[in-house]
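Architecture at a glance
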Amino acid sequence: MPSDAPHAAPAHATPGYWAEACKHLMKKDRVMKRLISQSGDVALQTRGDAFTTLARSIVGQQISVKAAQTVWERFAALLRSMQPASVLGLRAEDMRAAGLSARKVDYLLALALHFEQGRVHVQDWVAMDDEAIIAELVAIRGIGRWTAEMFLIFHLMRPNVLPLDDVGLLNGISRSYFSGDPVSRSDAREVAEAWRPWCSVATWYIWRSLDPLPVAY
């Protein structure tokens, strides 16, 4: 059984539980067995930096993975380093010119301010449960439950996150389990019962079924 509070991971590390999770999923779920077998040796990785992960999640809100990558690269090019103080030193018009909406500019500045003022408890997250971390993150303007759940998966690599607000997850479940018919959050939750306690891993493979290129926030 996975711990709710795994240790912090170095950049580009793969979770230590990955092989165990895949074995469980392949045994419990025939669709997962097929998807995992098709995906090769790729696995979830973390970039190892909390601020960068949250900033990338904000940039990626409500746009495609490809568009998000383009905007992120333009935004990152404005900075000497991906640090809160550097973001706070940018001009809003330059951020807009990089492709960010006015709302996302506001959100990124709010995020940077929270980190710069020490209003997020980064050192405590390892010992906090998923819902407590989500509650702290959604208090930041521009971070909703989806963004907080992406953070749990991609930064803290929590093993049992089921992001029911994620369109890709619902689309992937529709395609792989319901022959393309629309699925509700309730349908997705029912499918995911077989995935526990490894919903993050199963979600990652559902994403891979839609786009073979692994995403990293």
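Since this is a predicted model, take the numbers as computed values, not measurements.

Reading the values: the criteria
- Residues numbered from 1 in each chain as written.
- Predicted model: local features only at pLDDT ≥ 70, side-chain atom pairs only at ≥ 80, totals over all residues.
- Heavy atoms only, no water.
- Salt bridge = Lys/Arg side-chain N within 4 Å of Asp/Glu carboxyl O.
- Buried < 20%, exposed > 50% of the residue type's maximum accessible area, 1.4 Å probe, protein only.
- Helix = DSSP H or I, 4+ residues; strand = E, 2+ residues; numbered from the N terminus.
- Phe/Tyr/Trp six-rings, centres within 6.5 Å; stacked < 30°, edge-to-face > 60°.
- Lys NZ or Arg CZ within 6 Å of the ring centre and 35° of its normal.

**Observations regarding the pattern of salt bridges**
- By the definition in use, this model includes 8 salt bridges.
- As a salt-bridge pair, Arg-91 and Glu-93 come within 3.4 Å of each other at their nearest N and O atoms.
- The exposure class of Glu-93 is partly exposed, given its relative accessible area of 46%.
- Across the pair Asp-165 and Arg-185 runs a salt bridge whose closest N-O atoms are separated by 2.4 Å. With a gap of 20 residues between them, Asp-165 in the loop between α9 (145-154) and α10 (167-177) and Arg-185 in helix α11 (residues 185-192) connect regions that are remote in the sequence.
- A cluster of three or more residues bridged by salt bridges with shared partners is formed by Arg-91, Glu-93 and Asp-94.

**Some words on the packing of aromatic side chains**
- Under the criterion given, the structure shown has 9 aromatic pairs.
- Taken together, a centroid distance of 5.1 Å and an interplanar angle of 85° make the contact between Trp-204 and Tyr-205 edge-to-face.
- Among the aromatic residues, those joined into a cluster by ring pairs are Trp-18, Trp-204 and Tyr-205.
- Cation over ring: Arg-208 sits above Trp-204, and NZ or CZ is 4.8 Å from the ring centre.

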